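Topology and contacts: notes
Okay, here's what each chain looks like letter by letter:
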Amino acid sequence: MLNFLRAEIWRYFRRPAGKVLMILSLGLPAALNVFVRLCSIWWEADGGTPYTLSVSGSIGIVAMPYAGIFLLMAIADAAFADENRRGTLRNTISAGISRGMVYFGKIAAGLLLSGLHLAGAWAAFFVSGFLLLPADWGTLRANIREGALIILLVLPLWLGVFGILYLLYFSFRNGMAASLAAAAGSVVFLTGIAFLQHPIAEWIFQRQLLTWFLAFPLEILILEESPLDVLRMSWMVGGGHFLICTAAGGLLFCRREIR
């Protein structure tokens, strides 16, 4: 398994898409600090108080869940590399690697790569921030605590979307068709259950909204509801999606004919 993971990560960074996504993961947080620094210079010229790193932190906390979901989808797509359409899965299995190792190894490699991108983004943010902006330590510590809570909230939701994407990538021969199916399926499903006037339908709607659009937990935080309840629900929903989709995808892949 370790050799398989090393090979997957090596192939990912050999691909142009892998390099571009890592550059974006490192560059976008740094660009945010550059933007705040430029705004601070203009603001100071008008006699205003200089912006601190906590200003960037506040913007990053709001943007991170939504930027992260799009980056995660791009990482999953680049890591899988449309192997169904290209026929390389057949070559891998013909080389004697079991289907279970291929399926779960690819998911594990995608998770490792996603974690690497997330760690790189935070490192780039703090390194560039401390170089470009003064630190208001009291407010910054509060931002860090809030950012950690947001990560705990959205991490299981990212996992849920990750599991859904890999289920579709392994099921469809074309990666673009899998992505379109994920987008269209979520919209159709949410629209359909939104018309059902039933408590169960409302419960499903809220949790699907939570998984795909990340809107529900942030709204609750804004309304100052219990973060612990939101955190518990996030892990139940996101973790449930990930486990169910991973198990279903593994069973389907082991039973499907590879061409």
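The coordinates are above.
Digging into the pattern of salt bridges
The final tally for this structure, using the stated rule, is two salt bridges. One salt bridge connects Glu8 with Lys106, and the closest N-O pair in it is separated by 3.0 Å. Residue Glu8 is located in helix H1 (residues 2–14), and its partner Lys106 is located in helix H6 (residues 99–132); the two are separated by 98 residues in the primary sequence. Among the residues examined, Glu8 registers a relative accessible area of 4% and is labelled buried.

Some details on the packing of aromatic side chains
Any pair of aromatic rings gets described here by the distance separating the centres and the angle formed by the planes. Taken as a whole and judged by the stated rule, the model has 12 aromatic pairs. Aromatic rings pair up to connect Tyr103, Phe104, Phe162, Tyr166, Tyr169, Phe170 and Phe253 into one cluster.

A word on the environment of Ile59
Residue position: Ile59 is located in helix H3 (residues 53–80). We classify Ile59 as partly exposed; its relative accessible area is 36%. Sequence separation between Ile59 and Val36 is 23 residues; the distance between their C-alpha atoms is 9.5 Å. Filtering out sequence-adjacent residues up to four positions away, Ile59 remains in contact with Leu32 and Val36.

Some thoughts on the nonpolar core
By size, the foremost hydrophobic cluster in this structure holds 32 residues, and its most contacted members are Tyr12, Phe162, Tyr166 and Phe170. The set of elements that each furnish at least two residues to this core consists of H1, H3, H6, helix H7 (137–171) and helix H11 (227–255). Tallying contributions element by element places H7 first for this core, with 11 residues. Other than its neighbours up to four places away in sequence, Tyr166 contacts Ala76, Ala79, Phe80, Tyr103, Lys106, Ile107 and Gly110.

Observations regarding the packing of H1 against H6
Two numbers describe how H1 lies on H6: the axes approach to 9 Å, and their chain directions differ by 55 degrees. For the element pair H1 / H6, the angle class is oblique. Considering how the two elements wind past one another, H1 and H6 form a crossing that is right-handed. Touching Phe4, Leu5, Glu8, Ile9, Tyr12 and Phe13 of H1 are Met101, Val102, Gly105, Lys106, Ala108, Ala109, Leu112, Leu113, Leu116 and His117, all from H6. Its residues assigned to classes, the contact of H1 with H6 shows 12 nonpolar, two polar and two charged.

Focus: H1
The end-to-end C-alpha distance of H1, which contains 13 residues, comes to 18 Å, matching closely the 18 Å that a straight helix rising 1.5 Å per residue would cover. Among all positions of H1, only Phe4, Leu5, Glu8 and Tyr12 are buried. The buried residues of H1 occupy an angular sector of 100 degrees when projected down its axis, which confines them to one face. Relative to its buried face, H1 has exposed residues pointing more than 90 degrees away, namely Leu2, Asn3, Arg6, Trp10 and Arg14.

Some details on the packing of H3 against H7
Look at H3 against H7: their axes get within 9 Å of each other, and the N-to-C directions meet at 15 degrees. If you check the angle between H3 and H7, you find them roughly parallel. Viewed along their axes, H3 and H7 form a crossing whose handedness is right-handed.

Focus on the side chain of Thr52
Within the secondary structure layout, Thr52 lies in the loop between helix H2 (16–45) and H3. In this structure the side chain of Thr52 is engaged in a polar contact, spanning 2.7 Å, whose partner is the side chain of Ser54. Excluding anything up to four places from it in sequence, Thr52 contacts Val36, Leu133, Pro134 and Asp136.

A word on the environment of Gly138
By secondary structure assignment, the location of Gly138 is in helix H7. Each C-alpha atom of the pair Gly138 and Ser54 lies 9.0 Å from the other, and the pair is 84 residues apart in sequence.

Basis of the calculations
- Residues numbered from 1 in each chain as written.
- Predicted model: local features only at pLDDT ≥ 70, side-chain atom pairs only at ≥ 80, totals over all residues.
- Heavy atoms only, no water.
- Salt bridge = Lys/Arg side-chain N within 4 Å of Asp/Glu carboxyl O.
- Helix = DSSP H or I, 4+ residues; strand = E, 2+ residues; numbered from the N terminus.
- Buried < 20%, exposed > 50% of the residue type's maximum accessible area, 1.4 Å probe, protein only.
- Phe/Tyr/Trp six-rings, centres within 6.5 Å; stacked < 30°, edge-to-face > 60°.
- Contact = heavy atoms within 4.5 Å.
- Core = buried A, V, L, I, M, F, W, Y, C linked by side-chain atoms within 4.5 Å.
- Axes fitted to C-alpha atoms, helices over the stretch in contact; angles between N-to-C directions.
- Parallel < 35°, antiparallel > 145°, perpendicular 65-115°, else oblique.
- Left-handed = near helix turned anticlockwise from the far one by under 90°.
- Nonpolar A, V, L, I, M, F, W, Y, C, P; charged D, E, K, R; others polar.
- Expected span 1.5 Å × (residues − 1).
- Arc of directions from axis to C-beta.
- Polar contact = N/O pair within 3.5 Å; in protein donor to acceptor, adjacent residues only side chain to side chain.

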